[in-house]
Amino acid sequence: MKRTSLAACFLSLSLLISACSTEKAKDQDHQQHAKTYTTSSGDIRETTKSVDHLPSFLNSYDENMAVLYQQAAQHRELLESIPCYCGCGQSAGHKNNYDCFVYENKKDGTVVWDDHATKCGVCLEIAAESITAYEQGKSISEIRSMIDAKYKEGYAEPTPTHS
């Protein structure tokens, strides 16, 4: 009962706020579109103000996708040392598994996210396995060896990751 009342209050408040800020929302919507574009390979790239602000393209996915994107962003050094084996090195110019999630970290702190990983189980698996192993205490070189061994046969050429 309380949950239903709370949901109704939240919905009412949301409607009130959105009705009062229609012009602001239109302006923000325009700004958002200016920060989002699609690459020639079909990947969506979106700029946010920091790694703490996830891209809106994740809104249409399960919450676990957003969690993995956040974890990937927080493990930049690790994932930049891990290759991806999905073929994105050739198709999208990626250099490592981090590129499947984040296209660019700018000097001002803004982040250009890439939706490539949302469409690729190999990218997601490599990141999840690498982060889990890292949090269990494995070194980056141990994780790199583990990923190389697991994906060396039956997958595309690895990205040209520099280790």
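Refer to the structure printed above.
Given the structure is predicted, the values throughout are model-derived calculations rather than measurements.

*Asks:* Help me understand the overall build of the protein chain, please; the structure alone is not making it clear to me.
*Replies:* Helices and strands together make up the secondary structure of the protein chain, namely 7 helices and 4 strands. Across the protein chain, helices and strands are ordered from the amino to the carboxyl terminus as α-α-β-β-α-α-α-β-β-α-α. For the protein chain, the share of sequence-separated contacts (at least 6 apart) that also reach a separation of at least 24 residues comes to 62%. Approximately 10,000 Å² of the protein chain is accessible, and the part contributed by carbon and sulfur atoms is 54%.

*Asks:* Where do I start with the state of the cysteines in this structure?
*Replies:* What is meant by a disulfide is a covalent connection between two cysteines, made through their sulfur atoms. Scanning the entire structure with this criterion turns up 0 disulfides. Cysteine Cys84 is unpaired, with the sulfur of Cys123 as its nearest cysteine sulfur at 3.6 Å. Assessed through its relative accessible area of 0%, Cys84 is described here as buried.

*Asks:* I'm lost on helix α6 (residues 121–135) in this one. Help?
*Replies:* Every α-helix winds through 3.6 residues per turn, so residues three or four apart in the chain are directed the same way. In this model, α6 (15 residues) spans 21 Å end to end at C-alpha, consistent with the 21 Å of a helix rising 1.5 Å per residue. Within α6, the full set of buried residues consists of Val122, Cys123, Leu124, Ile126, Ala127, Ser130, Ile131 and Ala133. On its buried face, α6 sits against α3 (63–74), α4 (76–79) and α7 (140–151). Two residues or fewer after α6 comes Gly137, characterised by a positive phi angle close to 100 degrees.

*Asks:* So what exactly am I meant to see when it comes to the packing of aromatic side chains here?
*Replies:* What characterises a pair of aromatic rings is the spacing of the ring centres plus the angle enclosed by the ring planes. Taken as a whole and assessed by the stated rule, the structure comprises 5 aromatic pairs. Look at Tyr69 and Phe101: their rings are 4.9 Å apart centre to centre, the planes differ by 70 degrees, and that puts the pair in the edge-to-face class. Of this pair, Tyr69 sits in helix α3 while Phe101 sits in the loop between α5 (88–91) and β3 (102–105), and the two are 32 residues apart along the sequence. Between Tyr151 and Tyr155, the aromatic rings sit 4.8 Å apart at their centres with planes inclined by 65 degrees, giving edge-to-face as the arrangement. In this structure Tyr151 comes out as buried when scored by relative accessible area, which is 0%. Pairwise contacts between aromatic rings join Phe57, Tyr69, Phe101 and Trp113 into one cluster. Over the aromatic face of Tyr103 sits the side chain of Arg45, whose NZ or CZ is 3.6 Å from the ring centroid.

*Asks:* Looking at this structure, I do not really get the nonpolar core. What am I missing?
*Replies:* Within soluble globular proteins, side chains that are nonpolar tend to cluster in buried spots. Among the nonpolar cores identified, the biggest contains 33 residues, and Tyr69, Phe101 and Ile126 are the most heavily contacted of them. Here the element with the most residues in this core is α6; it accounts for 7 residues. Not counting residues up to four positions away in its chain, the partners in contact with Tyr69 are Leu54, Phe57, Leu58, Cys100, Phe101, Trp113, Asp114, Asp115, His116, Ala117 and Thr118.

*Asks:* Could you clarify how one ought to interpret the pattern of salt bridges in this entry?
*Replies:* Any two side chains of opposite charge can pair, so long as their charged atoms come close to each other. Considering all chains together, one arrives at 6 salt bridges under this definition. Here Arg76 ties to Glu80 by a salt bridge, and the two come within 3.0 Å at their closest N and O atoms. The partly exposed category is assigned to Arg76, whose relative accessible area is 36%. The partner of Arg144 in a salt bridge is Asp148, with the nearest N and O atoms 2.9 Å apart. Separated by 4 residues within a single helix, Arg144 and Asp148 lie in helix α7, roughly one turn from each other. Look at Arg144 and you get buried, because its relative accessible area is 17%. Connected via shared salt-bridge partners are Asp43, Asp115 and Lys119.

Scoring rules and cut-offs
- Residues numbered from 1 in each chain as written.
- Predicted model: local features only at pLDDT ≥ 70, side-chain atom pairs only at ≥ 80, totals over all residues.
- Heavy atoms only, no water.
- Helix = DSSP H or I, 4+ residues; strand = E, 2+ residues; numbered from the N terminus.
- Contact = heavy atoms within 4.5 Å.
- Areas by Shrake-Rupley, 256 points an atom, 1.4 Å probe, with all protein chains shown as cover.
- Disulfide = S-S within 2.5 Å.
- Buried < 20%, exposed > 50% of the residue type's maximum accessible area, 1.4 Å probe, protein only.
- Expected span 1.5 Å × (residues − 1).
- Phe/Tyr/Trp six-rings, centres within 6.5 Å; stacked < 30°, edge-to-face > 60°.
- Lys NZ or Arg CZ within 6 Å of the ring centre and 35° of its normal.
- Core = buried A, V, L, I, M, F, W, Y, C linked by side-chain atoms within 4.5 Å.
- Salt bridge = Lys/Arg side-chain N within 4 Å of Asp/Glu carboxyl O.

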